[in-house]
There are 4 protein chains.
Amino acid sequence: MNTEHGTESSHGADDKVPVAIVGASGYSGEELVRLLLRHPRVQLAAVTSRQYAGQTVAQVFPRFAGYPTARELRFVEPNADVLARKARFVFLALPHGVAAEFALPLLKQGCRVIDLSADFRLRSATVYREFYGHDHPAPELLEQAVYGLPEIYRPAVKGAALVAAPGCYPTSILLPTIPLLRAGFIETDSVIAHSLSGVSGAGRKAEPDYLFVECNESLRAYGLPKHRHLSEIEQELSLAAGLPVTIQFTPHLVPVNRGILTTLCTQLKAGLRDTRDATEVSRRVADCYRQAYSAEPFVRLVEEKRLPDTKNVVGTNYIDIGWRFDPRTRRLLVISAEDNLVKGAGGQAVQCFNLMNGFDETTGLM
Amino acid sequence: MNTEHGTESSHGADDKVPVAIVGASGYSGEELVRLLLRHPRVQLAAVTSRQYAGQTVAQVFPRFAGYPTARELRFVEPNADVLARKARFVFLALPHGVAAEFALPLLKQGCRVIDLSADFRLRSATVYREFYGHDHPAPELLEQAVYGLPEIYRPAVKGAALVAAPGCYPTSILLPTIPLLRAGFIETDSVIAHSLSGVSGAGRKAEPDYLFVECNESLRAYGLPKHRHLSEIEQELSLAAGLPVTIQFTPHLVPVNRGILTTLCTQLKAGLRDTRDATEVSRRVADCYRQAYSAEPFVRLVEEKRLPDTKNVVGTNYIDIGWRFDPRTRRLLVISAEDNLVKGAGGQAVQCFNLMNGFDETTGLM
Amino acid sequence: MNTEHGTESSHGADDKVPVAIVGASGYSGEELVRLLLRHPRVQLAAVTSRQYAGQTVAQVFPRFAGYPTARELRFVEPNADVLARKARFVFLALPHGVAAEFALPLLKQGCRVIDLSADFRLRSATVYREFYGHDHPAPELLEQAVYGLPEIYRPAVKGAALVAAPGCYPTSILLPTIPLLRAGFIETDSVIAHSLSGVSGAGRKAEPDYLFVECNESLRAYGLPKHRHLSEIEQELSLAAGLPVTIQFTPHLVPVNRGILTTLCTQLKAGLRDTRDATEVSRRVADCYRQAYSAEPFVRLVEEKRLPDTKNVVGTNYIDIGWRFDPRTRRLLVISAEDNLVKGAGGQAVQCFNLMNGFDETTGLM
Amino acid sequence: MNTEHGTESSHGADDKVPVAIVGASGYSGEELVRLLLRHPRVQLAAVTSRQYAGQTVAQVFPRFAGYPTARELRFVEPNADVLARKARFVFLALPHGVAAEFALPLLKQGCRVIDLSADFRLRSATVYREFYGHDHPAPELLEQAVYGLPEIYRPAVKGAALVAAPGCYPTSILLPTIPLLRAGFIETDSVIAHSLSGVSGAGRKAEPDYLFVECNESLRAYGLPKHRHLSEIEQELSLAAGLPVTIQFTPHLVPVNRGILTTLCTQLKAGLRDTRDATEVSRRVADCYRQAYSAEPFVRLVEEKRLPDTKNVVGTNYIDIGWRFDPRTRRLLVISAEDNLVKGAGGQAVQCFNLMNGFDETTGLM
């Protein structure tokens, strides 16, 4: 294979930011590897995995064997000191609770850290304890962490040392809901979020529940009624609404590899709800979303007859948002579609990375 | 192939009821063929299909080639007079609007009719017109038709000449909701039904939307906000509640062949909602469901840690129902799983057929 | 749920044979549970599983919760003495190498044993060692075991104390090939068998290779070039041909739950190959298959335009066989389709069980 | 949505080649749209579709709605004169027989044409007639057309006015087989090609055979024994071998969206076959492939324990090739994996386009 091709060489080495991925063998980690290998401003300097230490990226992920870096770079055991010498940015794609241990020494040694776990998404160590069942491992960092949803926290993300990239379910709920709450359009206790997730959302766990035969031709809800991600979703919705918001959240596992489809059902506030003209309601909702997102590179408003479909976003960093007003019930239905591993994980993290470096926000993501 | 085997010969010919299926080439029709070929008290006397007239059942559906009847019986053009001479019971698996035309002459000639379309499910020709966009083709039959949900209308089904078997979505919503409404447990304006349907629910339509490539790795909502089936669902819920009920219904298409999973979100009424003890709420809901369904052969209450999963009901006439009380929101979540082509179509029709003949209700369905 | 329904009560308890399943928690074991619960002449007396000991069948397999036996019968630790007291027939659905240990004590205590593993399929302990990499654990039983392919060994199966039911790949290759070899139609060194297997063929192993995300949208060959099942396939083909047969066998894993499709490519012998009239060749092949299988209840010859498709056999004990003569290459192509868990495992075992008991061979399998 | 992002702006308009796609609404056409929208040296100037004329690319393919061009460019009726004014290169993604009509006027008006149909792949109008059942519509162009397999015909492709890009099956068979034939390693009458194709290979045809329910959980062979693509495959293999080659080809349809996996079984020639040392055989085969492909950017040799898997190539222009020598049968097994819509269609066409323009061959394809 000719090694002289590909996007890797399109910038000089000096232009490139050395980055590391800790926990690169899960599905989010693999997606980060994919995005960073093709990112024109990144030099992938280190990848860690206890399980695959010693093997090259190409051996573990044969799909990347076309990249020279993938054929040369070997997984190593995770070690914060070593990583800090090799990389200026470190992505943590570790299970909850483990990420925090790595963040502290890396930050101390001057790395900027983008964490894909839930460890730094909550502002309150108390809420963390309630939902995760143990004390937060590094509560002193909670204040410093920025919630890595660029559409909401862009200025803060740019300057952050520690970014907590939100997960797939939160992104699919927050982006369609926050503008409605900020505009005061919906009752704060009326949000019912029904989500469908592809199986990669469960991670690369060798558990019977996620075997092909158990997932194929199967539809199931799980984690009812109190899913862990509720904590960060409600935190962010409450901030947007300016008062405590509690939502209903029902996640489901469905047989696709990738994609989250969230259908939100909300009650409009009295003023809007009582508008006799349904078209007027739709127009005001459309205006609200356009005002929030028309300049956003990764939010696509679906304003046509069709509704969002995950197949239109899989493999991309887009989130598609569509809506319908139901004049019979006076409820507003909003539907979002995203790729759980891109806008819901690795892509969002790279979007933050681009902001933190002053790059065009879409670099490496189109 | 030895033709002497199989359940077909387990009863004498005299014991068997001659039946016909009109429109036997769609997915519901095919499922009826499957169930009736193996039914010990049925002689499949005629099957109709304009498209396949002249071909044997085994040629059109090779999976049934093991049945002698399937190798001998040929599809014919639909003709009510001919069918009335051959069959005592006629199943109509036709598109909406067409079924009514056949029902009238068949009933006049003394056949008993089980219709799988929506034509006779509504009591009001006005509501039919509102939801289906045209006048009802045989309004005089609406009063006589019995809604074929045995768990709710068993006595009436037994004596009916014309049964309107409910469809897949209505069954998946009505069976879990009616007991709660009858018991006065939930607010009548609070029912939000979120349903996932396998692709066979769309019928054997050669349309691009249902091609493998368009459905596989795709998740999408459709038909929002006013799906036709709302009319019969709300009719039956209103009858159960004793006052008008309007619900929110969001159907989705997901990549499985068969199965419907419905997740219902409802607000408990003040008394129950304010009960401080969540266990007490759960116990009362469980009692309500047990009282309604503990003697039902095809309703399985899922009272364990696991939640309903369509893979446990596919190919069977069961509907599985599970529930969770959410103490955070005081809402009750109820989940049902069924096979859209069995309990949601052909199996339910055969269950009605058994009742109409005085057979054990489970005959041919276990 | 009403417990009075179902096929379980269709025969008196005295008519029923008490049976046990050892290793009932894998996919083959689960399929045996399904088939034996609905078998009218069987009383399922014991099921074993180290992993699930203490739980009921219905808890482990919710899909069977409609059967009273499934709600009452609990998995136990495997113990040959206990099983021998409870059951007259014991099905072993254990990994290779383990089954042999159980067979010996069970046979000594008078049980008849149907083993679904490969342990007793080979006649030679030397070949076993070559392919399985260790000494045979009970070589003294090899002579007594009968290869449980009823279409080939029906008389011997009837009287056997120990039946070694062939697996899914061997069945899919042997049934289409043996008649051709016996008739001397094909060159014995020309058989190339290309097989596609659904993922359940890999068993319920919690390994990353069989996760949904790794199998869905994936096509791969595996186990090349010397798959273990070659040993029994070549043993049986050699017996049919009367001289040593070596074949090429290329198994593939494809994303379906169930089903094996085998495409065989063979060279016709000189006489047939040189027949100028292609129709004449096809006619002779058809005659050969009809002579072998026209009285077989579970072999369906596909003699029409269409070719076998696994979707026509899934959930059944049928194997469909079709063929094409290629006049360009003078080769004969034969295609077989079966359900790997039914005709390729549990169904075949029950077919043997029926024969061993003198029941109609199709009892419980239609 | 911010329209200033994306790769579209990474080169100045002057650098860009105006191109058109005729028949852009099928799956190959859609893939071309995807690849050309993100190609840094292409300006997508026109797309045609009778069915979608008047609609924008983004309306027909919502997944591309992030590209400004997709939101602005509308499908038009196909008209060679109009296209010739707008584009310097025209891709034809039309059904067989139709493409030829367009090629002639486009070539006359100075366009360079890359045809994805089979119309110009054969050198002989007689063979075309034999396999396609009608006279070739433009036989005078057959001599001028270059078979667009860059790995085999790179120099000719560079200067061609008319390129006939080979389809998915031919590519998957030719690239692994040609080096072996050129090296004289295999018997020319021994090639047996068994291929599995994803459903997109059948095109976006609204036929019942390709509905989700008919393909999902289905495995089937089709088109046996004389598939149309045999004509071009055997033409190219004969050219490589220097004598007529006839192969066996058995295509299968399996439930994945994309991907072709081809398993080739061939007989080594006497010299190699009789080599006692299996390692020596493997080494010589490896050398043969390395010599042929080590400088090729899109051919990846899989020389490890794992075998090719379509999931490693889906979405890319790679073809992965692996092999095994079977010392038991002295046969060589070779396996290739590609994306039928990329290396098997649109990607290959763009690779040719890059060569024809003197661009780096991988431009827009990494």
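Predicted model only: the values in this text are computed from it and were never measured.

Caption draft 1: Highlighting helix H6 (residues 125–132) of chain A. Residue and element names in this part refer to chain A. Three or more residues of H6 are buried, namely Tyr-128, Phe-131 and Tyr-132. With its buried residues spanning 80° around the axis, H6 presents them on a single face. Lining the buried residues of H6 we find helix H10 (230–241). Between the side-chain oxygen at the start of H6 and the backbone nitrogen of Thr-126 there is a gap of 3.1 Å, and the oxygen is on Ser-124. Gly-133 lies just past H6 and shows a positive phi near 80°.

Caption draft 2: How the structure looks around the pattern of salt bridges. Enumeration according to the criterion identifies 92 salt bridges over all chains in this entry. Across the salt bridge formed by B:Arg63 and B:Glu30, the nearest N and O atoms sit 3.4 Å from each other. You can see B:Arg63 sitting in the loop between helix H2 (57–60) and helix H3 (68–72) and its partner B:Glu30 sitting in helix H1 (residues 27–37), a full 33 residues away along the chain. Accessibility expressed as a relative area gives 29% for B:Arg63, which makes it partly exposed. For D:Asp135, the salt bridge identified is with D:Arg129, shortest N-O distance 2.8 Å. Here the salt bridges share partners, and the residues they tie into one network are A:Glu30, A:Arg63, A:Arg204, C:Glu214, C:Arg220, D:Asp309 and D:Lys311.

Caption draft 3: Geometry of the pairing of strand S1 (residues 17–22) of chain C. Residue and element names in this part refer to chain C. Judged by how many residues are buried, S1 sits mostly within the fold: six of six residues are covered. Alternating positions in S1 separate into two faces, Val-17, Val-19 and Ile-21 on one and Pro-18, Ala-20 and Val-22 on the other, with burial throughout. Where S1 meets strand S2 (residues 42–48), six bridges bridge the pair, whose relative direction is parallel. The partner of Val-19 across the bridge, within S2, is Leu-44. Bridging between S1 and strand S4 (residues 89–92) involves four bridges; their strand directions are parallel.

Caption draft 4: The arrangement of the side chain of D:Glu234 in detail. Within the secondary structure, D:Glu234 sits in helix H10 (residues 230–241). For D:Glu234, a relative accessible area of 11% puts it in the buried group. A polar atom in the side chain of D:Glu234 sits 2.3 Å from the side chain of C:Arg328. Excluding residues that lie within four positions of it along the chain, D:Glu234 makes contacts with C:Arg328, D:Val245, D:Thr246 and D:Ile247.

Criteria and cut-off values
Residues numbered from 1 in each chain as written. Chains lettered and ligands numbered in written order. Predicted model: local features only at pLDDT ≥ 70, side-chain atom pairs only at ≥ 80, totals over all residues. Heavy atoms only, no water. Buried < 20%, exposed > 50% of the residue type's maximum accessible area, 1.4 Å probe, protein only. Helix = DSSP H or I, 4+ residues; strand = E, 2+ residues; numbered from the N terminus. Arc of directions from axis to C-beta. Contact = heavy atoms within 4.5 Å. Polar contact = N/O pair within 3.5 Å; in protein donor to acceptor, adjacent residues only side chain to side chain. Salt bridge = Lys/Arg side-chain N within 4 Å of Asp/Glu carboxyl O. Pairing = 2+ DSSP bridges.

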